[in-house]
Amino acid sequence: MCDAVWTAMLTIIMETRNNEAELAQTLSALVAGAVEGLVSDVIILDHASRDGSSRVADAAGARFCISWDMKDIVRSARGDWLLLLEPGARPAGRWIDDIAEYMSLSKVPARFSPSRLHRRPFLQRVVKRAAPLELGFLLSRQQATAIAKSGMQLSDFATGRAVRRLGSELVPAWVAIGNRPAADDTHQ
């Protein structure tokens, strides 16, 4: 899709704490969105990581924040829309086209569809509630500005909000975290 011109740009925001490997997986999956002109910037909010998360963010051209106020972060986003993700989550399929179309046609927040290839066992799906950002969270910067408060976490944006479902799937972060080599656990 070389001739695509997106009218709305997208800012990706993630929170991390010792998620170097997962951060690298997510950032590499987002490269296509940057190449296509959809992803304008990536902001990484750090919670005292002691691993190479800052180096991974720097190598990817992402802004790495070690102290922040959520209101300032939202205001500083370059995109008209924000996509909140967990480190390790990876959009799949035609996610670039799906998000671009959704942003041009809709005004309400959305989440990705769950991955058909990566599902928690049945009992875990019944007993354990999914994390607020397990399927990502897409919202306009205008909506985020109205919600943002000092001391807020990214998951607070997604908690209790009515959303629509995107056609594209998201490989959840728990897949990457579950495949983390045991040696990486020394950073925690």
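Structure's up top.
Along each chain, the written sequence defines residue order, and numbers are assigned to residues from 1. Owing to the predicted nature of the model, reporting of local features is limited to residues with pLDDT of at least 70; listing and counting of side-chain atom pairs is limited to 80 or more, with chain, interface and lining totals taken over all residues. The basis for every side-chain value is the complete set of heavy atoms in the structure, and neither hydrogens nor water enter the calculation.

This brings us to the pairing of strand 1 (residues 10-16). Partly exposed describes any residue whose relative accessible area lies between the buried limit of under 20% and the exposed limit of over 50%, with all areas from a 1.4 Å probe on protein chains only and scaled to the type maximum. In DSSP terms, a helix is any run of H or I states spanning at least four residues, a strand is any run of E spanning at least two, and both are numbered starting from the N terminus. Counting buried residues along strand 1, seven of its seven residues qualify, which places the element largely inside the surrounding structure. Residues Leu10, Ile12, Met14 and Thr16 point to one face of strand 1 and Thr11, Ile13 and Glu15 to the other, with burial holding for every one of them. The pairing of strand 1 with strand 2 (residues 39-46) spans seven bridges and is parallel. Counterpart to Thr11 in the pairing with strand 2 is Asp41. With helix 1 (residues 20-35) bridging strand 1 and its parallel neighbour strand 2, the resulting β-α-β unit is right-handed. Strand pairing requires that DSSP identify at least two bridges connecting the strands. One ladder, built from five bridges, connects strand 1 with strand 4 (residues 81-85); its direction is parallel. Bridge pairing links Leu10 to Trp81 in strand 4. If the strands point away from the viewer and the path from the first strand over the helix to the second runs clockwise, then the crossover is right-handed.

Our focus in this paragraph is unusual backbone geometry. Phi is positive for Asn18, close to 55 degrees, though the residue is something other than glycine. In this structure, Asn18 sits in the loop between strand 1 and helix 1. Positive phi is not limited to glycine here, since Ala48 has a value of about 60 degrees. Tracing the chain through its elements places Ala48 in the loop between strand 2 and helix 2 (53-59). Ala48 gets classed as exposed once you look at its relative accessible area, which sits at 55%.

This part takes up helix 1. For an α-helix, 3.6 residues make a turn, and residues three or four places apart therefore share a direction. Spanning 16 residues, helix 1 covers 23 Å between terminal C-alpha atoms, matching the ideal 22 Å at 1.5 Å per step. In the structure, helix 1 departs most strongly from a straight axis at Ala29, where the bend amounts to approximately 30 degrees. Turning to helix 1, its buried residues are Glu22, Leu23, Thr26, Leu27, Leu30 and Gly33. Downstream of helix 1 by one or two residues, Gly37 has phi in the positive range, about 90 degrees. In a helix, the anticipated span is given by 1.5 Å times the number of residues less one. One axis is fitted to the seven residues ending at the residue and one to the seven starting there. The bend at that residue is the angle between these axes.

With that settled, the discussion passes to the nonpolar core. Leu10, Ile12, Ile99 and Leu138 are the most contacted members of the largest nonpolar core, which totals 29 residues. For this core, the secondary-structure elements that each account for two or more residues are strand 1, helix 1, strand 2, helix 2, strand 4, helix 4 (95-105), strand 6 (110-114) and strand 8 (164-171). For this core, the leading source of residues is helix 4, giving six residues. Nonpolar core, defined: a set of buried Ala, Val, Leu, Ile, Met, Phe, Trp, Tyr and Cys residues in which side-chain atoms within 4.5 Å join the residues together.

With that settled, consider the packing of aromatic side chains. The criterion for an aromatic pair is that two Phe, Tyr or Trp rings (for Trp, the six-membered ring) have centres within 6.5 Å, with stacked assigned to planes under 30 degrees apart, edge-to-face to planes over 60 apart and tilted to the rest. The final tally for this structure, using the stated rule, is one aromatic pair. Aromatic pair Trp81 and Tyr102: ring centres 6.3 Å apart, planes at 75 degrees, arrangement edge-to-face. A residue pair is termed long-range when its members are at least 10 positions apart, and Trp81 in strand 4 and Tyr102 in helix 4 qualify at 21 residues.

With that settled, consider the side chain of Asp51. By the secondary structure assignment, Asp51 is in the loop between strand 2 and helix 2. Residue Asp51 is classed as buried on the basis of its relative accessible area of 11%. N or O atoms closer than or at 3.5 Å make up a polar contact, with two conditions inside protein: a donor-capable atom paired with an acceptor-capable one, and, for residues adjacent in sequence, both atoms drawn from side chains. Of note is the side chain of Asp51, whose polar atom sits 2.9 Å from the backbone nitrogen of Glu20.

Glancing now at the environment of Gly136. Residue position: Gly136 is located in the loop between helix 5 (122-127) and strand 7 (137-140). Separated by 26 residues in sequence, Gly136 and Ala110 place their C-alpha atoms 8.3 Å apart.

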